[in-house]
Amino acid sequence: MTQDPWTNRLSEYLDGELPEWERHALESHLESCAECSLVVSDLRRVVRRARTLKNPPPVTDLWPGIAARIGAGIPKAQDVVDLDAQRRVRRRWAFSLPQLAAAGIALMTVSGGAVWFMSGAARQSVVSAPVPSSPPEGTPAVSVAMKPNASQSYAAAVADLERVLADGRGKLDTTTVRIIEQNLAAIDRAIAEAQRALDADSANLYLNTHLAETMRRKLDLLRQAAALVPVS
Amino acid sequence: MLFALLTGTLALSPIVQADTTLNAVRGQRLDVNAYAGEVTVHAWNRNAVRIVASGADQDQLEISSSATAISIRTHGRHGPPDEITLQISAPAWIAISMGGVNTNAKIEGIRAPISVETVEGEVDVTGGESLISLRSVQGSVRLRGAKGRINVNSVNEDVEVANSSGDIAAQTVNGEILLQGVNASSVDANTVNGDISYSGPIRSGGRYALSTHNGDLTLTVPEGTSAGVTVSTFSGDFESEFPVPLRGTRKGKGFNFTLGSGSAQVTLESFQGTIQLVRPGSEEDPARRKREHDRDHDED
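So, here's what we can say about the structure. As the structure is a computational prediction, the values presented were derived from the model and not from experiment. (Residues numbered from 1 in each chain as written. Chains lettered and ligands numbered in written order. Predicted model: local features only at pLDDT ≥ 70, side-chain atom pairs only at ≥ 80, totals over all residues.)

Things to note about the overall build of chain B
Item 1. The helix and strand inventory of chain B stands at two helices and 26 strands.
Item 2. In terms of overall dimensions, chain B has C-alpha extents of about 70 × 40 × 35 Å along its principal axes. (Helix = DSSP H or I, 4+ residues; strand = E, 2+ residues; numbered from the N terminus.)

Written out as structure tokens, the structure reads:
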């Protein structure tokens, strides 16, 4: 439950995103803090391990159904971009939650470390690509196919965390559960309102950002709530 | 004691008295984990930590000291530990890491990093330096007189930061965010259901982002402020106590304007509330309103 104040900064440290003075301060802290050093060490192992994992193909090919609905037909081979190839080039710790969780569990790292890492990946996928309400007309097949990827990542992250919460529901105080559910419902209402607004004005930068930010809030709250579940 | 610190840990478990004092050496931090109850820490001018405990069975309290930390924790033999009241005196230089579930935390006078996490409790801190992280799920979070990188977070209650400086991140879902008398170069405050108010200097080169979904947003703008301001709302309103030089209107209810040379960057967003710019000391200034409210409360 208690946490070293530096713990929340380790992600930025490993990402190389800390300003120089903070990096020096953290490295100095690492020399004297065995816990943080252990976490950093474990997380580096998670990263190494996660990099070796393969992105499994979807169990079901969703494209035929999507194509039928939007009348896009079956894309020609030359229209299709190899997303795996793109990912291999662009990928920067862009792992799915199950991959990270699996890596975390497999390596038996500290629980906070895995949660930390999952949050970083989730934040990247959600914030960088807000979910469109509908594909714009004339959008090439590849564009339509890529955007649901972020949506699916988000849905998977939410589903994973909701499952953790559901499994641990009995271990939490009933008032806490009620409060969390009320606040999740409040965020869901905000997401729905932002989505409706975006449906009417899909090019509005503020609405896009606001929706993405509100979705991230839901993920944050789920993650926070999941962290409350005692490990038995 | 010195021998124990050099050779490993000194375990005092379980303690046999409710009043214990341990020597503290620089480099140690104070770890407190109390499942339920009230924990108060106040700074004193001795290099020692005094723990006065009451309420719970003393067998449930464990105190230990190592080279890196003085640890105080409660544990239950069969089920959760009982409520406990801990009154702790500690040197101002000691970093504090505190956790609990049904625990109220109050810390005063510490000039070092502070981290507090509780679920069903309030957090009230005066002081703190470097890294300050305060979190509660069901309780309010209040911080005054802090300096450094500040992260305050609640879920279902208000968050307040006053008379503090540094970088500030404040979040809640169902509550207000009140930032008063803060001197920050970076502020990021957001809530879903609640108002946000900010008063303090807008520093040159600073970044200030305030965002709410259901709530009003009030920014107190001192004379001479130099900032580029971006205002965004979907179905809310914008009001200002002084003329603002609008420069273009964005699609939707959004627009930008510049005060002075625009060296700071201010982003104000409320999906369906009122965004308001006020002058310090005006009737709408949240700082003034709070002073009046507190005065009325004191008179009652």
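What follows continues from the structure just given.
Re the overall build of chain A
Item 1. A count of helical and extended segments in chain A gives 10 helices and zero strands.
Item 2. Traced from its N-terminal end to its C-terminal end, chain A shows the element sequence α-α-α-α-α-α-α-α-α-α.
Item 3. By residue count, 28% of the 232 residues in chain A fall in the buried class.
Item 4. Pairs at least 24 apart in sequence give 74% of the contacts found in chain A among residues at least 6 apart. (Buried ≥ 20, exposed ≤ 12 C-beta atoms within 10 Å, placed from the backbone. Contact = placed C-beta atoms within 7 Å.)

Things to note about the environment of L61(B)
Residues and elements named next belong to chain B.
Item 1. Within the fold, L61 resides in strand 5 (residues 61-65).
Item 2. Of the residues examined, L61 has 25 C-beta atoms within 10 Å and is grouped as buried.
Item 3. Residues L61 and I84, 23 residues apart in the sequence, show an inter-C-alpha distance of 8.9 Å.

Structural notes on the interface of chain A and chain B
Item 1. In this assembly, 30 residues from chain A lie in contact with 31 residues from chain B.
Item 2. Listing elements by their share of the side of chain A that touches chain B, those giving two or more residues are helix 9 (174-200) and helix 10 (205-228) of chain A.
Item 3. No other element matches helix 9 of chain A, which puts 10 residues into the side of chain A that touches chain B.
Item 4. Residues that form the side of chain A that touches chain B fall into these classes: 14 nonpolar, 10 polar and six charged. (Nonpolar A, V, L, I, M, F, W, Y, C, P; charged D, E, K, R; others polar.)

Considerations on the environment of T176(A)
Residue and element names in this part refer to chain A.
Item 1. Here T176 is to be found in helix 9.
Item 2. With 19 C-beta atoms packed within 10 Å, T176 lands in the partly exposed category.
Item 3. Through-space distance from the C-alpha of T176 to that of H24 is 39 Å; in sequence the pair is 152 residues apart.

Considerations on the pairing of strand 13 (residues 147-153) of chain B
Residues and elements named next belong to chain B.
Item 1. Burial of strand 13 is extensive: five of the seven residues sit out of reach of the surface.
Item 2. Examined bridge by bridge, strand 11 (residues 129-136) and strand 13 share seven bridges and lie parallel to one another. Looking across to strand 13, one finds that L134 is bridged to V152.
Item 3. Where strand 13 and strand 15 (residues 165-171) come together, seven bridges link them in parallel fashion. (Pairing = 2+ DSSP bridges.)

That's the geometry; what it means functionally is another story.
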